[in-house]
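The chain contents come next:
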Amino acid sequence: MRRISRRAALTLVAGTVGAPIAGPAVAAQEPLATPRRSMLVRAHLITAVTPRDNWRVVAVAIRTTGRIDLRGGTIPPSAFQVTATVGGTRAPRTVTRVYPNIAPEMADRGRPGEYLIVELDQADANARASNADPLPLDRAYDIRQVADIATPRGDIVLAASPLAVRNDDVINPVVDDFTAGSFTDSAGFRLAFRSFHPGNSGRYPLVITLHGGGEVADNNMTQLTGNRVAVTFAKPDRQRKHPAFVLSPQIPLPRPMEGPDGTDWTDARVQAATVELIDTFVASYPVDTSRIYLVGLSSGGRGIFSLLSKYPGKFAAAMPTAGWGEVSAMDKIIGVPLWADHSVDDPVVPYREGRFGKPGTWTLMNALESAGAKVTRGEWANNLPKAQFEARSRTLLAQARAAGSHVLFTSYSAGTTPVNPHLSWAQTYENDVVIDWLFAQARR
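Draft legend 1. Broad picture of the overall build of the protein chain. Looking only at helices and strands, one finds 10 helices and 19 strands in the protein chain. Here the C-alpha radius of gyration of the protein chain, 29 Å, is well above what a compact globule of 444 residues would show, namely 22 Å. Its C-alpha atoms give the protein chain principal-axis dimensions of roughly 115 × 50 × 45 Å. For the protein chain, the residues scored as buried account for 52% of the 444 residues in total. In the protein chain, 69% of the contacts between residues at least 6 apart in sequence involve partners at least 24 apart. Approximately 20,100 Å² of the protein chain is accessible, and the part contributed by carbon and sulfur atoms is 52%. The average position of the 48 basic charges and that of the 41 acidic charges among the side chains of the protein chain differ by 8 Å.

Draft legend 2. Expanded view of the packing of helix α9 (residues 386-403) against helix α10 (residues 432-440). Two elements in contact, α9 and α10, have axes separated by 8 Å at closest approach and are oriented at 40°. Relative to α10, α9 is oriented oblique. For the pair α9 and α10, contact is made by Lys386, Glu390, Ser393, Arg394 and Leu397 and by Asp432, Val433, Val434 and Trp437, respectively.

Draft legend 3. Main features of the packing of aromatic side chains. Throughout the structure, instances matching the rule amount to 12 aromatic pairs. Centroid distance Phe281 to Tyr285: 4.7 Å. Interplanar angle 40°. Geometry classified as tilted. Under the relative-accessibility criterion, Tyr285 is labelled partly exposed at 35%. Seen from their ring centres, Tyr351 and Phe409 are 5.9 Å apart, and the 20° between their planes marks the pair as stacked. Within this pair, whereas Tyr351 is found in the loop between β17 (338-343) and α8 (361-370), its partner Phe409 is found in strand β19 (residues 407-412), the two being separated by 58 residues in sequence. Like Tyr351, the residue Phe409 is buried in the burial classification. In this structure an aromatic cluster arises from ring pairing among Tyr204, Phe245, Phe281 and Tyr285. We note Arg352 situated over the ring of Trp362; from NZ or CZ to the ring centre the distance is 3.9 Å.

Draft legend 4. Up close: the sheet that holds strand β10 (residues 165-171). Spatially, β4-β3-β7-β10-β1-β2-β6-β5 is the arrangement adopted by the 8 strands of the open sheet, whose pairing is mixed. The sheet is open, and its two borders are formed by β4 (89-93) and β5 (95-101), each paired with just one other strand. Here the average twist between neighbouring strands, direction ignored, is 30°. In this sheet, β10 lies alongside strand β7 (residues 141-145) in antiparallel orientation, the contact comprising 2 bridges.

Draft legend 5. Molecular detail of the sheet that holds β19. Read across the sheet, 9 strands follow the order β11-β12-β14-β13-β15-β16-β17-β19-β18 without closing on themselves; strand pairing throughout is mixed. This sheet does not close on itself; its edge strands, each paired only once, are β11 (179-184) and β18 (375-380). Strand-to-strand, the axes of this sheet are offset by a mean angle of 20°, without reference to chain direction. Inspection of the sheet shows β18 paired to β19 by 6 bridges, in the parallel sense.

Draft legend 6. Structural detail: the side chain of Asn219. Relative to the helices and strands, Asn219 resides in the loop between β13 (204-210) and α3 (222-225). A residue is classified by how much of its surface remains accessible, and Asn219, at 19% relative accessible area, is buried. Within the structure, the side chain of Asn219 is placed 3.0 Å from the backbone nitrogen of Thr222, a separation counted as a polar contact. Among the polar contacts made by the side chain of Asn219, one reaches the side chain of Gln250 at a distance of 3.1 Å. Asn219 has contacts with Ala132, Asp133, Pro134 and Gln250, leaving out every residue within four places of it along the chain.

Draft legend 7. Fine view of the nonpolar core. Grouped together as the largest cluster of nonpolar side chains are 69 residues, with contacts concentrated most on Val60, Phe80, Leu116, Val118, Tyr141, Phe178 and Phe233. For this core, the element with the most residues is α10, which contributes 6 residues. Among residues more than four places away in sequence, those in contact with Phe80 are Leu40, Ile62, Ile75, Val95, Val98, Leu116, Val118, Ile143, Arg144, Gln145, Val146 and Ile149.

Rules used throughout
Numbering of residues begins from 1 in every chain and follows the order in which that chain's sequence is written. Totals for whole chains, interfaces and linings use every residue, but because this is a predicted model, local features are given only for residues with pLDDT of at least 70 and side-chain atom pairs only at 80 or more, for both listing and counting. Neither water nor hydrogens contribute to the side-chain values; these are computed over all heavy atoms in the structure. Each helix corresponds to a stretch of at least 4 residues labelled H or I by DSSP, and each strand to a stretch of at least 2 residues labelled E; elements are numbered beginning at the N terminus. Radius of gyration here uses only the C-alpha atoms, and the compact-globule reference equals 2.2 Å multiplied by the residue count raised to the power 0.38. Exposure is judged per residue with a 1.4 Å probe applied to protein chains only, and the accessible area is read against the type maximum: over 50% gives exposed, under 20% gives buried, and values in between give partly exposed. Here a residue-residue contact requires only that any non-hydrogen atoms of the pair lie within 4.5 Å. Using a 1.4 Å probe, the Shrake-Rupley method yields the accessible areas, and only the shown protein chains count as cover for residues. For the purpose of charge, His is not counted, nor are the chain termini; Lys and Arg are scored as positive and Asp and Glu as negative. Positions of charges follow a simple convention, taking NZ of Lys, CZ of Arg, CG of Asp or CD of Glu. Between N-to-C directions, angles cover 0 to 180 degrees, with each direction set by a line fitted to C-alpha atoms, over the stretch in contact for helices. Geometric relationships in this document are graded by angle, where less than 35 degrees denotes roughly parallel, more than 145 denotes roughly antiparallel, 65 to 115 denotes roughly perpendicular, and other angles denote oblique. A pair of aromatic rings is counted whenever rings of Phe, Tyr or Trp (Trp by its six-membered ring) have centres within 6.5 Å, and the orientation is called stacked for planes under 30 degrees apart, edge-to-face for over 60 and tilted otherwise. Whether a charge lies above a ring is judged from NZ of Lys or CZ of Arg, which has to be within 6 Å of the ring centre and within 35 degrees of the ring normal. Strands were regarded as paired on the criterion that DSSP finds at least two bridges between them. Under this definition, polar contacts are N or O atom pairs within 3.5 Å; protein pairs additionally need one hydrogen-donor-capable and one acceptor-capable atom, and for neighbouring residues in sequence, both atoms have to be side-chain atoms. The nonpolar core is taken to be a set of buried Ala, Val, Leu, Ile, Met, Phe, Trp, Tyr and Cys residues, with the residues joined through side-chain atoms within 4.5 Å.

So, in structure tokens, the structure goes:
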């Protein structure tokens, strides 16, 4: 037997103290060395403009120091605690799903990458990203990992920590793709606006969106985030199918409210500036002037009926939702393709009576028919699943084509519009049948 020194013997004895009986000290250290552990280093909030709940914080994207590969494993929502301080109130958010991804964005199926996506329940009371104005969300969220994240074989990838990460910024998918601008017309009246530009060269249609009364502000943001009317046309999947410019002006404060029925889009200054803005935009960019569309909701729907009657040859088609107008103006727009919709039980803009003494959509469609237009009508529930909702729209469109009608009117049955009966646009801009119809229209 080879002799060893006293010093070497003492070293070997010391190395065995505290080691597992079943194996040497080296074996006990091996699980700690592989795989390399990552740490949380930066957090970003992710928002979304939702069809029914407006602008909400829907997830947190957390950057880590290394690639997160769970090797087939999953992360329980309970591994993270998220707390939001919004409007001076601190309260928890509900975590619904956690997964790694290669980019700071939500996905149906995540991929191993340097980001962790922590999805949040949109129904949380403190999920909103805005009230009348956008809420201050930078550094408003604390995210803490309270449980180790490991692979199925038990290797720790991310260790729990008592230290919370606070979000540095906010990512607004689609909304961030709009350019902010302002326009001062020849009379000196100023309109803020947002515009979306297709990525490819060529001539494209222009969609002009008219927001509702609740989005009158000086923030140049809530005309995009208050409702889904604008961002739905800029979504990547929508742009792939229907590339288009999107122009979204915002009525400023103090609100004009000097229109003939006390509304903003019928105010003479607002209308003049809006039309001048449209003309300037068309002259500045490669817009297909035969395909300029008007889309709007509530007081924006009122603005559509007013603008169409004064400039019927400018627009190829329009989609007014929950609007109102003047019966005497309907004979001026009988040649304009329309697809209007309204909830039967709307308490804000009544379906028949309208607002400020001006009738609602049902009465206007009757007047349009009396003036000579063929109106194709349909009624169904506003809370149908998307496939059924679009099937009803497809049937109505087929009826209109068979009758040679270019005016369609959808009514939503009482008690079926989610959140509030006035919000009849909940499915309007998610409806691919209606959007396909809109882009098929061209002025001749």
